[in-house]
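Fold and contact review
Now for the letters of each chain:
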Amino acid sequence: LNAFYRTAYNHLEKRSLETKPLHLNLSGSLIDAYLCPQDNCEDKVIQEINKANTSIDILAFSFTSQAIGEALVKAHSRGVTIRVVFEKTRISKYSQYENLHSHNISIYTDKNKYTMHEKTFLIDNRTLIVGSYNPTANANERNDENILVVQDTHVVQKMNREFKRVLSIAQN
């Protein structure tokens, strides 16, 4: 794993707008690293949502992306089970909270005493999208953000436990 971090760091350190994203295969664990906005993280997230067959679980600090919201609505209409936990202080008229709720997607409000600052998408218990990226216009257009798309059973299982922990204290 140390080799991964060294490779990723060297890649990102030399990165320019023209450099391709980093794709690693570490003994069968696939990890793709993207920088935003230049790698268009919103499109990467939507591509993974569109591949979902059974489930999508999301922990969202801030979530205003209409395009990702629409992709989730389409996935839900295909029969994909979707659960989204929103940070309570970030729900506003701009968030996707009401949109997803109006389409009968299971949404929850985080109720722990701390700010839930996580940004994760768990797809079909096989893919994890994690990083600094909030699905928002600022992240898509102005902020320096990143995501890792991870396909590793152990990492996905660990984040699935974290999702369940946060969900257990959330309010529907």
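Look a little higher up for the structure.
Summary of the structure given here.

Thresholds applied
Residues numbered from 1 in each chain as written. Predicted model: local features only at pLDDT ≥ 70, side-chain atom pairs only at ≥ 80, totals over all residues. Heavy atoms only, no water. Salt bridge = Lys/Arg side-chain N within 4 Å of Asp/Glu carboxyl O. Helix = DSSP H or I, 4+ residues; strand = E, 2+ residues; numbered from the N terminus. Buried < 20%, exposed > 50% of the residue type's maximum accessible area, 1.4 Å probe, protein only. Pairing = 2+ DSSP bridges. Axes fitted to C-alpha atoms, helices over the stretch in contact; angles between N-to-C directions. Phe/Tyr/Trp six-rings, centres within 6.5 Å; stacked < 30°, edge-to-face > 60°. Core = buried A, V, L, I, M, F, W, Y, C linked by side-chain atoms within 4.5 Å. Parallel < 35°, antiparallel > 145°, perpendicular 65-115°, else oblique. Contact = heavy atoms within 4.5 Å. Nonpolar A, V, L, I, M, F, W, Y, C, P; charged D, E, K, R; others polar.

1. Description of the pattern of salt bridges
By the definition in use, this model includes five salt bridges. One salt bridge in this structure joins Asp57 and Arg83, with 2.9 Å as the shortest N-O distance. Here Arg83 lies in strand E4 (residues 81-86) and Asp57 lies in strand E3 (residues 55-60), a separation of 26 residues in the sequence. For Asp57, a relative accessible area of 4% puts it in the buried group. Across the pair Arg126 and Asp124 runs a salt bridge, and its minimum N-O distance is 3.5 Å.

2. A closer look at the sheet that holds strand E8 (residues 145-151)
Spatial ordering of the open sheet is given by E1-E2-E8-E7-E6-E3-E4-E5, a layout of eight strands whose pairing is mixed. With partners counted over all chains shown, the strands left at the sheet margins are strand E1 (22-26) and strand E5 (106-109), one partner each. Shown here is a sheet whose adjacent strand axes are inclined to one another by a mean of 15 degrees, direction ignored.

3. Notes on the environment of Lys20
Tracing the backbone through its elements, the reader meets Lys20 in the loop between helix H1 (2-13) and E1. Look at Lys20 and you get exposed, because its relative accessible area is 67%. Along the primary structure Lys20 and Tyr34 are separated by 14 residues, whereas in three dimensions their C-alpha atoms are 8.8 Å apart.

4. Description of the packing of aromatic side chains
Counted according to the given criterion, the structure contains two aromatic pairs. An angle of 75 degrees between the planes, with centres 5.2 Å apart, marks the rings of Phe86 and Tyr97 as edge-to-face. Residue Phe86 is located in strand E4, and its partner Tyr97 is located in helix H4 (residues 97-102); the two are separated by eleven residues in the primary sequence. On the basis of relative accessibility, which here comes to 2%, the residue Phe86 falls in the buried class. Through successive ring pairs, a cluster of aromatic residues spans Phe63, Phe86 and Tyr97.

5. Some details on the nonpolar core
When a protein is soluble and globular, its nonpolar side chains tend to lie buried together. Ile49, Ile56, Ile68, Leu72 and Leu100 are the most contacted members of the largest nonpolar core, which has 31 residues in total. When contributions to this core are tallied by element, the ones reaching two or more residues are strand E2 (29-36), helix H2 (41-51), E3, helix H3 (66-77), E4, H4, strand E6 (119-123) and E8. Examining the composition of this core, we find that five residues originate from one element, H3, more than from any other. Residues Tyr108, Leu122, Val156 and Phe163 belong to the second largest nonpolar core, which totals 14 residues.

6. Some remarks on the packing of H2 against H3
Any two packed helices are characterised by the angle at which their axes cross and by the distance between the axes. In contact at an axis separation of 10 Å, H2 and H3 are set at 5 degrees when each is read in the N-to-C sense. Relative to H3, the element H2 is oriented roughly parallel. Counting all contacts with H2, which are made through Glu42, Val45, Ile46, Ile49 and Asn50, the residues of H3 involved are Ala67, Ile68, Ala71, Leu72 and Ala75. Tallied by class, residues from the contact of H2 with H3 come to eight nonpolar, one polar and one charged.

These figures capture arrangement, not role.
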